[in-house]
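What the coordinates show
The primary structure of each chain is shown beneath.
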Amino acid sequence: MRLLTEFQEKDAAAIGKELHLFASQLYPICRSITGDGIRRTLAMIAERIPLRISEVPTGTEVFDWTVPKEWNIRDAYIKDAGGTRVVDFQRLNLHVLNYSTPVRATMSLGELRPHLLTIAEHPDWIPYRTSYYKESWGFCLSHNQMLAMKDGDYEVCIDSTLREGHLTYGECLLPGASDEEVLISCHACHPSLANDNLSGLVVATALAELLSGGEHRYSYRFLFIPGTIGAITWLARNHGGVGRIKHGLVLSGIGDAGGFHYKKSRQGNAEIDAAMAHALRHCGEPSEILEFSPYGYDERQYCSPGFNLPVGCLMRSVWGTFPEYHTSADNLDFIKPKQLANSLRVCATIVDILENNRRYRNLNPYCEPQLGKRDLYRSTGGEDISTDINARLWVLNFSDGQHSLLDIAERSGLPFSTIASAADLLRQSGLLVAVPGQKADQVADQITGNIAEVTSFR
Amino acid sequence: MRLLTEFQEKDAAAIGKELHLFASQLYPICRSITGDGIRRTLAMIAERIPLRISEVPTGTEVFDWTVPKEWNIRDAYIKDAGGTRVVDFQRLNLHVLNYSTPVRATMSLGELRPHLLTIAEHPDWIPYRTSYYKESWGFCLSHNQMLAMKDGDYEVCIDSTLREGHLTYGECLLPGASDEEVLISCHACHPSLANDNLSGLVVATALAELLSGGEHRYSYRFLFIPGTIGAITWLARNHGGVGRIKHGLVLSGIGDAGGFHYKKSRQGNAEIDAAMAHALRHCGEPSEILEFSPYGYDERQYCSPGFNLPVGCLMRSVWGTFPEYHTSADNLDFIKPKQLANSLRVCATIVDILENNRRYRNLNPYCEPQLGKRDLYRSTGGEDISTDINARLWVLNFSDGQHSLLDIAERSGLPFSTIASAADLLRQSGLLVAVPGQKADQVADQITGNIAEVTSFR
Amino acid sequence: MRLLTEFQEKDAAAIGKELHLFASQLYPICRSITGDGIRRTLAMIAERIPLRISEVPTGTEVFDWTVPKEWNIRDAYIKDAGGTRVVDFQRLNLHVLNYSTPVRATMSLGELRPHLLTIAEHPDWIPYRTSYYKESWGFCLSHNQMLAMKDGDYEVCIDSTLREGHLTYGECLLPGASDEEVLISCHACHPSLANDNLSGLVVATALAELLSGGEHRYSYRFLFIPGTIGAITWLARNHGGVGRIKHGLVLSGIGDAGGFHYKKSRQGNAEIDAAMAHALRHCGEPSEILEFSPYGYDERQYCSPGFNLPVGCLMRSVWGTFPEYHTSADNLDFIKPKQLANSLRVCATIVDILENNRRYRNLNPYCEPQLGKRDLYRSTGGEDISTDINARLWVLNFSDGQHSLLDIAERSGLPFSTIASAADLLRQSGLLVAVPGQKADQVADQITGNIAEVTSFR
C-alpha cells in the first residue's frame, strides 16, 4: 500500500492547498477542444509530469468523426452606444459561445437577441455553452445583464479564428513491470470552469506525480484530452493497443463539496468496479455507486460496444444535477482543498488495490495452520481476537487460488489495506504463495521471485 | 407501436363503455363448462372476431381426464307451501349449484338443508358453487334468504339435463408473418359473474379486433374455453403444436377497480414476464408482480411441468383475496369501464413489445457515431440532452447483438415505446441493423428486407 | 417426519427440564482440552448413547499442530496472610487460568498481580481464560475480589500437572441405510460454562438418543471433542473419510434466551444451509442467518479451504456479542429449559429435512392429474382449496426431477413437513416417483423399492 502510505505521510491540508493552487493557475485560460488554450494548459501540466503532446491535423478521419478546424480567440465584446463593454470576454471567457465564428458588426438589440444565451432561473450566473460542430456565434451573459440592455444599436466583436489547424492532447505514460495498463483520462477542454474539469486535471497530475516516484506492477497512462473528440481521436490512433488497458478511470468533477459518485463501467463487474466500490465504502465520505449509462463523460467512448473497456467514472456531484453545472458559479470557490485532497486519496487507494490485488494459495489448507507458534496469534485464550488476527484468518481461509484479496476484503468487511498487510505477513511466514495470474502478475513475479509452486495439495 | 397508437387515437372512455356494454350483454347467460350457455357466449363473440368452434364428445380421454357429460338447465326453484318461488334460477342463475343433476321433489326444510349453500359472512350475497365431477344437486342463496325459510315442506325443482354431449370451445387464430404464436387464453365457463371472467372475455375479444386490423410478426391465438377441462382438452388435442407458442397470457379478473397483478410463468424469466413487468411499471396504475404458483387459472395447465410454456396470468384483484370473489357481488357494478379500457391498453402494450422486441447491432460500434451530422443530436453543447437523444445513446451503446430492445428499455428506465422509436430512427439512418433471431424475426425480415449483414466488426 | 413427530408426542417442558438437569450434572466438572475433566464428561454422555472414546498421545503430529501435554488439576488457591483462601478453585474452577503450570510460592501482591485476570466492566464476574499453547500460570477472579486484596504476602498454590499424556474425544456413530454421513460436532473442553458449551453437549446427546430409536437414511456421527485441537486431531486421523460427510452442524451456545443464529458453511449454498434457513423461518422464534466467517467454533476447521465441508454452526446468542460470554455469568441460570428444548426441536427438524429431502418426478407431467377422482381434491368447486391440496399442487408442478422437496417448500412458503407429507401421499397414489439421487438415496431406494422408472416422458 505504497501510495496510500506516501499520501498519509504528507499533510492532507497542504496537499489540498497545493491542488487548489494549481487549479487557480489553470482557471483563467480560455480552453476549447482545439487551440492555444488547451496547448497552454498541457504545457503547465508538463512542468510537473512527463507529457507527450500530440497534434492531429484538422480533417483527420477518426472513426465516424472528423477532427474539426482549430479555434482560437483573442477578444470578444458587446459595446453599447456609449462605447461601454456591456459583455466582455476579457472579464470572463465564458462570455463567448465557445467555438464562435468571427463577427464584427453593429446591430440592434433585436438582431442581437438570438445570439444571447442566459439562464433565467439563476439570473446572476453566466452559462457555459458551445457550438463545436455547427458554425455559429453567440454571447453568454447573466440574465440580469441581458435585462439591463436597452434598445439601441450595439457594436459586436468576436475576434476569433476558425481554420485548418490541429487537435492537441497530452499523454503521460509511466511504464511499470508489465505493459498492461491502467488508463486515467480527464477532459481538458473546458474554459473557466473549476470543478468541470480543473478538479480532474489537478488530481490526475498529482496522482501521476505520486506514482512516478516508485516501481509499480502496471503501466499507467494518463490522458489529458478534449472531451468526446479527443477520446475518439486517441482511440482511433491507438485502436490496436487498447487490449492492454486492464483498468480505467475517467476523473471529472471531483472537487466540489458533495460526496462521491462512481459510475460503473459498461461491463459492470470489472475489477475497477469492485475496487472502487470497496474504496468508497471505506473512504470516510458518503458515496453512491451508479450503474453504467451511455451519456456522461469520455467513458461513453471507452465503453462503446466495440471497445467495452473496463473504464468507470469517478465524480463527486453528478454533472447536470447541481445548479452550478456549466455556469460561472462553477468557479474556484466551488471546489475545496479538502475534497480535492480526498479525491486524490481515493485515487491512491485504487492504485494500491490494483497493484496489490492477487490470488494466493494457502499452503496449509487442511485446518488452520497454528499461528501461535509463529507469533501470529494472541497468547491468552478466551478473549476476543484483534482485527489483524481476524484478517489473517480471512486470508488463510479464502486463499484457495480462487478468491482475490479484494474478494476477501469485501467478504470480510475489512479494508483492503488490512487484508493486503495480512497476506504480506503470511507470505513472509511461508504460509501463502501467489497464484500465477494475468500478465502483470507474472512479470511482477519474475522480479520478486514470488511464483506459486503448483503442488497438488488435496 | 402500432396497437398502442391505434388505441390512443380512440377515446378511452368510449372504449371502456363499449367493453362494459358487451359484458352486460353476456352477463345473463347461464354458462358452465359444457352446454348451451357457453355455445351462446361463443356465438356472440363470433359476431365480432373470426372464431372456430370445436365440439369434443363426452367421454373423450384428455390426458388424465375425461370430457364430462354435457349439462343444460332450463329452470330451477324452491317453492314454499304457498307456491312462492323463494329461490328462483330465473332471477339469477347463480342460485343453482352449477352442474346440478335434475331434481323434482317435495321435502322438508330439514331434508333440503344439506343442499343449501350460503355465505354467513356476507348474508346478502349468493355464492357461486359447482359440482362438475361429483354428481350432486344444490341451491345457492343468500344467508338471509335461508334464515327466512320457515319449517315446512318445499317443492324443489331443478329442470336440468346431464347426458352424453359435447364440450365446446372457441378459437380465434390471426395468422402473422411467422407461425410462431402468442397465446391469449380466457375461461368462458362462469355464469353471471362479471369480473370472473366476462372482463377477460371482452378484453380478449377487443384485443383480437384491434389486432385483426393489420399485419403482425407473430400469429395470435385466442382461446375462449371452459376452465381447467377446456385447457386440458385443448392441450391434449394440440399437443404437437404447443412448441409454436412463444409467449402466452391468461386474462382473468381484469375489470375491477384494483391495481394490476401479474403472475409470472413457471419459467419466471420468459420474455412475456419481462415484457409484462415493464409494461406494468409504465402503465400509470399500481401493480405487483407475483411469482408463479401452481394454483390459479389455466396457467396451471399451460405451466404444468411437461409443457412449461411461457404463459403468465394478468389479473387486477387476485382471485380469492376480495370478498366479492365467486359471489353475486361480482356483478356488472363490480367492473368498471375505465379499468376494462386500461386493461386492454396494457394488452396492446404487450403486443407492441412482443412485436417490436429485437436485438440490433450498432454498425459503428467503435466510439459513438456522430449523431450531430445526421441531425440526431442537439446543436448547442453545454445543455442537457433530451429523452429522445438519451434513448438513441442507450440503443447505440447496447445494440451489441446481445441486448434486446426490452433489455435496453429496462436498463435505461425509459418506456419500451421510446426505445423502439429510437431504434427505428437509427435503423433508418443506417446506424443499426437487426440481428437474425428466432423464426418470427426471420420471416419478418424477409418481408422488410431488414437482415443483418453479418460482418466481422471487431 | 419421524423425529419431529416423536418430539411432538413428548412434553416439551419435560424435555427442557431433562436437558437442563443433565447440564447441571456436567456443570461442576473442570474440563480442559485434555485431562480427566473431559474424560469424566464423556463417560457421563456414554451412559446415554453409544460412545467410542479415543485417546491420542501427546506429541502426535496433526497437520500443522502437535497434540499438547495433558493437563490435570486437583486444587488451586491464593491464601492471604491470615490463611484465608481469597481465591479458591474449589469454589469455581474458572478461578484458575486453564492449563496453568504448577506453582507453589509465597509472593507479594505486586509480584502476584501480573498473574491476576479480571473484567473491570463487570466487577462481580470471573473471567474464563486459557493458556494452552504457552506455558504460564494465573488466576481469574472478580474485579472486586482483586480490589479487596491488601498489600502483603500471599501463598499461591496451583496443584496441577502438565505432562505427557493423551488428548481424549468421544464419537457416536449411528449407522444408517447409507454410509453417507451427517456430522454433529460440539466442543466439550470448557469448564463451568453453561451455554458454552454444555448446551451443545446436552442437545447433541439428546438428538443422538432420539435418532437411535429408529431407521434412517444417513449415518449420523456425533463428535464430542476439545475445541480447535480436537477437531484438527479428528480431521487428521479421518482425513480419508471426510468425503462421506454430506451435511454437518456445529452446535454451541444454544441454551440462552436469545433467538437463533445460523452461520452458513463456507460453501454458503449447501443443502444444510438451505435446510437450516427453512427450519429457522418456521421455528416460531426470531432467527438470523449469518454469512460464513473464518473465526468461530470448529466450523473453522471443517470449513478450512482444503476440506471445505458443508458444515454450518447453530447458535443462539453469538459468541463474543453478549457480556456473559466466557465469564462466570454463563452459568446454569443463563441457560433455559424452554430454549434447550426448542434447540433440540430445530435439530430434529433438520434431521427430518435431510432424511426426507428428495427429488421426485411427476408421472403425469402434462396438465394436472385429476386429483378429484383419487379423492385428493375438494368436491365442491368455487371455494378455496386447503393447504394440503395446495401442497399437492406444488409438489406435482415442481416435481420435474430438478426441484427437491426443500426447493419446493421454499418456493411455496409452506413448511417442509407439509410438502413432504404431500409427496408421500402422491407417491402412494402412483403419481410421483423418486429420482435416483446421491448414494444415500439409492441405498434407501433399494430398501423401499422406491426407484424411478426412467421413462422418456417428453
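First things first, this report covers the structure right here in the doc. Not measured: the values here are computed from a predicted model.

1. Here's the deal with the overall build of chain A
- Summing up its helical and strand segments, chain A has 14 helices and 19 strands in all.
- Projected onto the principal axes, the alpha-carbon positions of chain A cover approximately 90 × 45 × 35 Å.
- The 458 residues of chain A split such that 61% are buried.
- A gap of 2 Å separates the mean positions of the 44 positive and 54 negative side-chain charges of chain A.

2. Observations regarding the relation of the copies chain A and chain C
- Superposing chain A onto chain C takes a rotation of 120° plus a shift of 0.1 Å along the axis, which leaves an RMSD of 0.1 Å. Taken together, the rotation and translation describe the operation of a three-fold axis. Using C-alpha coordinates, one finds that chain A approaches the rotation axis most closely at Asn269 of chain A, a distance of 12 Å.

3. A closer look at the sheet that holds strand β18 (residues 400-404) of chain A
Residues and elements named next belong to chain A.
- If you trace the 3 strands from one edge of the open sheet to the other, you get β18-β17-β19, paired in antiparallel fashion. The sheet is open, and its two edges are formed by β18 and β19 (432-434), each paired on a single side. Averaged over all pairs of adjacent strands, the angle between strand axes in this sheet comes to 35°, irrespective of strand direction.
- Sheet topology note: the strand β17 (residues 359-362)/β19 ladder contains 3 bridges and is antiparallel.

4. A word on the side chain of Arg316 of chain A
- Within the element layout of this structure, Arg316 of chain A appears in the loop between β16 (311-315) and α10 (337-356).
- Here Glu285 of chain A takes part through its side chain, which lies 2.8 Å from a polar atom of the side chain of Arg316 of chain A.

5. Quick look at the interface of chain A and chain B
- Across the boundary between the two partners, chain A contributes 28 residues, which contact 29 residues of chain B.
- Summing both sides of the interface, chain A and chain B together bury roughly 2500 Å²; the carbon and sulfur share of this comes to 50%.
- Summed over the three residues of chain A that lose the most area to chain B, namely Asp64, Pro294 and Tyr295 of chain A, the buried surface amounts to 27% of that side.
- For the pair chain A and chain B, the interface holds 4 salt bridges.
- One salt bridge in this structure joins Glu368 of chain B and Arg300 of chain A, with 2.5 Å as the shortest N-O distance.
- For the side of chain A that touches chain B, the elements supplying multiple residues, two or more each, are β3 (65-66), α7 (229-237) and α9 (299-302) of chain A.
- Here the residues of the side of chain A that touches chain B are counted per class, giving 14 nonpolar, 9 polar and 5 charged.

6. Considerations on the sheet that holds strand β13 (residues 245-251) of chain B
All names here are of chain B.
- If you trace the 8 strands from one edge of the open sheet to the other, you get β1-β10-β12-β11-β13-β16-β14-β15, paired in mixed fashion. The open sheet has two edge strands with one neighbour each: β1 (52-57) and β15 (287-290). Sheet twist, expressed as the average angle between the axes of neighbouring strands with direction ignored, equals 20°.
- Taken strand by strand, helix α6 (residues 194-211) contacts β10 (166-174), β11 (181-187), β12 (219-225) and β13, and its axis lies near 150° from that of β11.

7. Topic: the side chain of Arg31 of chain C
All names here are of chain C.
- As for its placement among the helices and strands, Arg31 is situated in the loop between α2 (12-26) and α3 (36-46).
- The buried charged residue Arg31 lacks any salt bridge partner; its closest oppositely charged side chain belongs to Asp196, at an N-O distance of 9.6 Å.
- If we skip the residues at most four places from it in the chain, Arg31 touches Leu26, Gly37, Ile38, Thr41, Asn98, Ala188, Cys189, His190, Pro191, Ser192 and Leu198.

8. So, the environment of Val96 of chain C
Residues and elements named next belong to chain C.
- Structurally, the position occupied by Val96 is in the loop between β5 (85-88) and β6 (103-108).
- The class for Val96 is buried, based on a relative accessible area of 2%.
- C-alpha separation for the pair Val96 and Trp137, spaced 41 residues apart in sequence, amounts to 8.1 Å.
- Non-local contacts of Val96, meaning those with residues more than four positions away in its chain, are made with Trp71, Ile73, Ala76, Phe89, Arg129, Gly138, Cys140 and Ile158.

Each value, and the rule that gives it
- Residues numbered from 1 in each chain as written.
- Chains lettered and ligands numbered in written order.
- Predicted model: local features only at pLDDT ≥ 70, side-chain atom pairs only at ≥ 80, totals over all residues.
- Heavy atoms only, no water.
- Helix = DSSP H or I, 4+ residues; strand = E, 2+ residues; numbered from the N terminus.
- Buried < 20%, exposed > 50% of the residue type's maximum accessible area, 1.4 Å probe, protein only.
- Lys, Arg positive; Asp, Glu negative; His and termini not counted.
- Charge placed at Lys NZ, Arg CZ, Asp CG, Glu CD.
- Least-squares fit on C-alpha atoms with pLDDT ≥ 70 in both.
- Pairing = 2+ DSSP bridges.
- Axes fitted to C-alpha atoms, helices over the stretch in contact; angles between N-to-C directions.
- Polar contact = N/O pair within 3.5 Å; in protein donor to acceptor, adjacent residues only side chain to side chain.
- Contact = heavy atoms within 4.5 Å.
- Buried area = accessible area lost by both parts, 1.4 Å probe.
- Salt bridge = Lys/Arg side-chain N within 4 Å of Asp/Glu carboxyl O.
- Nonpolar A, V, L, I, M, F, W, Y, C, P; charged D, E, K, R; others polar.

Everything listed here is a matter of coordinates, which is why it stays silent on function.
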